[in-house]
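Fold and geometry: a report
Here's the letter readout for the chains.
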Amino acid sequence: MLQNCLPACGLVVFVASTASAQTVLFEDQVFNTTFNNGTMFTASGVDISVNDYFFDAVTSFSGGFTTVDNLQRAGGTGLDMNVNNVNLDFNFGTDVTQIFFNYGDYGGSTNLSINNNQLIVEDLVALDGNAVAGVTISAPGTTPVLGGQLGTVTLNGLITQFSVGGQEFYLDSVRYTPIPAPGAAGLCAFAGLAAIRRRRA
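Numbering of residues begins from 1 in every chain and follows the order in which that chain's sequence is written. Per-residue local features are limited, in this predicted model, to residues with pLDDT of at least 70; the limit for side-chain atom pairs, both in listing and counting, is 80 or more; totals at the level of whole chains, interfaces and linings are taken over all residues. Here the side-chain values reflect all heavy atoms present in the structure, with hydrogen atoms and water set aside.

Thoughts on the overall build of the protein chain
Rules: To qualify as a helix, a DSSP run of H or I must reach at least 4 residues; to qualify as a strand, a run of E must reach at least 2; elements of each kind are numbered from the N terminus. Only protein chains enter the calculation, and the probe is 1.4 Å; a residue is then buried if its accessible area is under 20% of its type maximum, exposed if over 50%, and partly exposed in between. Throughout, a contact is declared for two residues whenever any of their heavy atoms are within 4.5 Å. Method for areas: the Shrake-Rupley scheme with a 1.4 Å probe, in which residue coverage is limited to the protein chains shown.
Helices and strands together make up the secondary structure of the protein chain, namely 1 helix and 19 strands. Counting over 201 residues, the protein chain shows a buried share of 40%. Long-range contacts, defined here as pairs at least 24 residues apart, represent 63% of the contacts in the protein chain between residues at least 6 apart. Put simply, the protein chain shows about 10,000 Å² of open surface, and 55% of that area lies on carbon and sulfur atoms.

As structure tokens, this is what we get:
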């Protein structure tokens, strides 16, 4: 993305803007709406597909759903998603360099897919410090609450695909950082060379 076009020594200089983090909240959803497996919905401008849940590497389940909830069981405020035996696959419209999310785990196993590498764990904290497909996982710990636990996960690296889900799982505040628009640096160099060539002609 080109932010500024400024003259410098007679040359046109292009300044590339840095990408800022954006957050998927669920406040634009209708409370108690249910999305069944195989459907898609849009939250904060991001398309989210509701996909099969995996009990293990070969056994999947297609009868789950996710419901818009207001119990704040992922530790946030307002609305969150009650994820019941499905995975929520986020299409951010671009590759991203970081993802952060809040979750509440109230039972069963959890699925986390990074760049189409499916991970199945009892607790996301078990993944803390691991790297998958060049992406590092930080899941530093949880806070006990009635019937479950609250936690956060941060993923750092080039992320082309991301989904998360569980059996009695709640999700809120999925923050992501898009990769800056390509070509700005190259465009700057090209503009400088073109200006120099014009001067020499």
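That was the structure; now back to the text.
Details of the packing of aromatic side chains
How two aromatic rings sit relative to each other is given by the distance of their centres and the angle of their planes. Heads up, the condition is: Between the rings of Phe, Tyr and Trp (Trp by its six-membered ring), a pair exists once the centres lie within 6.5 Å; its type follows the angle of the planes, with under 30 degrees stacked, over 60 edge-to-face, and the other angles tilted. A positively charged side chain is recorded as over a ring if its NZ (Lys) or CZ (Arg) lies within 6 Å of the ring centre. The angle to the ring normal must also be within 35 degrees.
In the structure shown here, the tally under the stated rule is 11 aromatic pairs. Arranged with centres 5.1 Å apart and planes meeting at 90°, the rings of Tyr53 and Phe55 form a pair that is edge-to-face. Tyr53 gets classed as buried once you look at its relative accessible area, which sits at 0%. On the basis of relative accessibility, which here comes to 38%, the residue Phe55 falls in the partly exposed class. Each ring, one from Phe90 and one from Phe162, has its centre 5.5 Å from the other, and the planes form 40°; the classification is tilted. One end of the pair, Phe90, is in strand E10 (residues 86-91); the other, Phe162, is in strand E18 (residues 162-166), with 72 residues separating them in the sequence. The buried category is assigned to Phe162, whose relative accessible area is 1%. One aromatic cluster is present, formed by Phe90, Phe92, Phe101, Tyr103, Phe162, Phe169 and Tyr176 through successive ring pairs. Over the ring of Tyr106 we find Arg73; its NZ or CZ atom is 3.7 Å from the centre of that ring.

Considering the pairing of strand E9 (residues 80-84)
How we decide: A pair of strands is labelled paired if DSSP reports no fewer than 2 bridges between them.
Buried residues dominate E9, accounting for 4 of its 5 residues. The pairing of strand E8 (residues 65-69) with E9 spans 5 bridges and is classified as antiparallel. Bridge pairing in E9 places Val68 opposite Met81. Across 3 bridges, the pairing between E9 and strand E19 (residues 169-178) is antiparallel. Residue pairing in the sheet places Met81 in a bridge with Leu171 of E19.

Describing the environment of Thr33
Relative to the helices and strands, Thr33 is located in the loop between strand E3 (22-24) and strand E4 (34-36). Residues Thr33 and Val68, 35 residues apart in the sequence, show an inter-C-alpha distance of 5.4 Å. Leave out the neighbours within four places in its chain, and Thr33 touches Thr66, Thr67 and Val68.

Observations regarding the environment of Phe26
Among the secondary structure elements, Phe26 is positioned in the loop between E3 and E4. Apart from the residues within four sequence positions on either side, Phe26 is in contact with Phe41, Ala43, Ile48, Leu79, Asp80, Met81, Phe90, Leu171, Asp172 and Ser173.

Topic: the nonpolar core
Defined as follows: For our purposes a nonpolar core is just a set of buried Ala, Val, Leu, Ile, Met, Phe, Trp, Tyr and Cys residues, chained together by side-chain atoms within 4.5 Å.
Ranked by internal contacts, the top residues of the largest apolar core, which has 39 residues, are Phe90, Phe101, Leu112 and Phe162. In contact with Phe90, other than residues within four places in its own chain, are Val24, Phe26, Val46, Asp47, Ile48, Phe162, Leu171 and Val174.

Quick notes on the side chain of Ser163
Inspection of the secondary structure puts Ser163 in strand E18. Here Ser163 falls in the buried class, since its relative accessible area comes to 4%. Contact partners of Ser163, with chain neighbours within four places excluded, come to Asn87, Leu88, Asp89, Asn111, Leu112 and Ser113.

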